[in-house]
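Here are the chains, one letter per residue:
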Amino acid sequence: MHVGSSLHYLALAVSIALNGASLVLLKAFALEREGASEPQPASVSILARVSVVVHPLVLISMACFGGASVTWIVALAGVPLSVAYPSMSVIYVVIAVLGQTVFGERIPPTRWAGIGLVMIGVVLMHAV
Amino acid sequence: MTRPTSRHYGALAISILLNSATLILLKAVALAHMGEAQLVALIPRLVAVVLDPFFFAAVAAFLAGIYFWIVALRRIALSLAYPAVSVSYILIALVSWRLFSEQIGVVGWVGILLTVIGVTLMFLPQGKVGRARRQ
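So, how was this worked out
Residues numbered from 1 in each chain as written. Chains lettered and ligands numbered in written order. Predicted model: local features only at pLDDT ≥ 70, side-chain atom pairs only at ≥ 80, totals over all residues. Heavy atoms only, no water. Helix = DSSP H or I, 4+ residues; strand = E, 2+ residues; numbered from the N terminus. Buried < 20%, exposed > 50% of the residue type's maximum accessible area, 1.4 Å probe, protein only. Contact = heavy atoms within 4.5 Å. Areas by Shrake-Rupley, 256 points an atom, 1.4 Å probe, with all protein chains shown as cover. Rg over C-alpha atoms; globule rule 2.2 N^0.38 Å. Lys, Arg positive; Asp, Glu negative; His and termini not counted. Charge placed at Lys NZ, Arg CZ, Asp CG, Glu CD. Buried area = accessible area lost by both parts, 1.4 Å probe. Salt bridge = Lys/Arg side-chain N within 4 Å of Asp/Glu carboxyl O. Polar contact = N/O pair within 3.5 Å; in protein donor to acceptor, adjacent residues only side chain to side chain.

## Focus: the overall build of chain B
- Helix and strand counts for chain B stand at seven helices and zero strands.
- Reading the helices (α) and strands (β) of chain B from amino to carboxyl end gives α-α-α-α-α-α-α.
- Split into buried and exposed, the 135 residues of chain B put 39% on the buried side.
- A separation threshold of at least 6 residues defines the contact pool for chain B, and within that pool the share at least 24 residues apart is 74%.
- Taken as a whole, chain B presents about 7400 Å² of accessible surface, with 73% of it coming from carbon and sulfur.

## Quick word on the overall build of chain A
- Each helix and strand counted, chain A has six helices and zero strands in total.
- Beginning at the N terminus, the succession of helices and strands in chain A can be written as α-α-α-α-α-α.
- Computed over the C-alpha atoms, the radius of gyration of chain A is 18 Å, more than 25% above the 14 Å expected from 2.2 N^0.38 for a compact globule of 128 residues.
- The principal-axis extent of the C-alpha atoms belonging to chain A is close to 55 × 35 × 25 Å.
- Evaluated residue by residue, chain A yields a buried proportion of 38% over its 128 residues.
- When contacts within chain A are restricted to residue pairs at least 6 apart in sequence, long-range pairs at least 24 apart make up 76% of them.
- Split by element, the accessible area of chain A, about 6400 Å² in all, is 74% carbon and sulfur.
- Charged side chains of chain A number 5 positive and 4 negative; the gap between the two group centres comes to 5 Å.

## Focus on the interface of chain B and chain A
- Contact residues are listed per partner, giving 37 residues for chain B and 42 residues for chain A.
- With both sides pooled, the region where chain B packs onto chain A buries about 3500 Å², and carbon together with sulfur makes up 70% of that total.
- If you sort the residues of chain B by the area they bury against chain A, Arg74, Leu78 and Tyr82 of chain B come out on top, with a joint share of 21%.
- For the pair chain B and chain A, the interface holds two salt bridges.
- For Arg74 of chain B, the salt bridge is made with Glu34 of chain A, and the minimal N-O distance between the two is 2.7 Å.
- The tally of links from chain B across to chain A stands at six residue pairs in polar contact (both at pLDDT 80 or more).
- Breaking the side of chain B that touches chain A down by element, the ones donating at least two residues are helix H3 (53–73), helix H4 (78–84), helix H5 (87–99) and helix H6 (105–123) of chain B.
- Considering every element that reaches the side of chain B that touches chain A, the biggest residue donor is H6 of chain B, with twelve residues.

Below, the structure written as structure tokens:
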């Protein structure tokens with residue numbers, strides 16, 4: 001693959017998609033836990049709490065996150081950072097839309113405005 | 001979804017701190033072992049990374065961060081929680097500035113300011129009576 005080939009950009013898109021999938025899966029797991037049980041009292045052991053998290057949704061989410069990290073590194077081999085980080089910030093919109101469509105979240109205008117500012121802010125923070 | 005309590009917002013804050021700690025620790029490990037960007041002696045350096053106590057701390061912080069993130073996500077909307085994680089970039093930038101002598105620059109400071117304003121806007125209670133009851 002030469003620098004900046006379409007495969008690097010494909011890797012970037014895949015990285016964003018896997019990142020989104022990872023987050024949606026964790027949210028789905030959290031909602032399942034919320035629906036299934038009351039918050040555990042402080043006396044429950046750490047081991048008992050941690051063992052709850054070893055669940056297919058969480059494991060697949062972690063796999064997606066791992067995949068997102070690997071494809072991100074692959075993408076960075078050919079995509080300049082000044083393009084990669086702004087492209088990555090699109091995930092804030094992706095997550096907002098997924099939150100609305102998959103989980104029925106309401107997003108008031110001020111939250112959209114906040115998301116927009118965060119997107120710009122994050123891009124500027126990573127500007128080289 | 002019922003409304004989040006301070007327990008959930010607290011868990012969100014903790015997960016953000018742990019996320020920052022993970023990345024800062026990984027940066028420290030990378031600086032210690034992966035100084036030169038070469039493939040020479042990669043395997044021994046990777047072994048050194050895995051054996052580094054800071055790497056262990058980074059993994060522990062990452063796993064703990066996932067736990068608190070899930071607690072937060074039980075009640076807090078994903079579209080609200082995820083952008084909040086951008087605060088960790090601010091913390092990392094500030095710590096890198098102090099600890100690793102990294103420059104932030106005017107553009108970076110503007111980015112930090114915009115992110116702070118953005119996250120604040122997102123967490124403001126909504127004005128109207130009806131909206132104040134929803135996330």
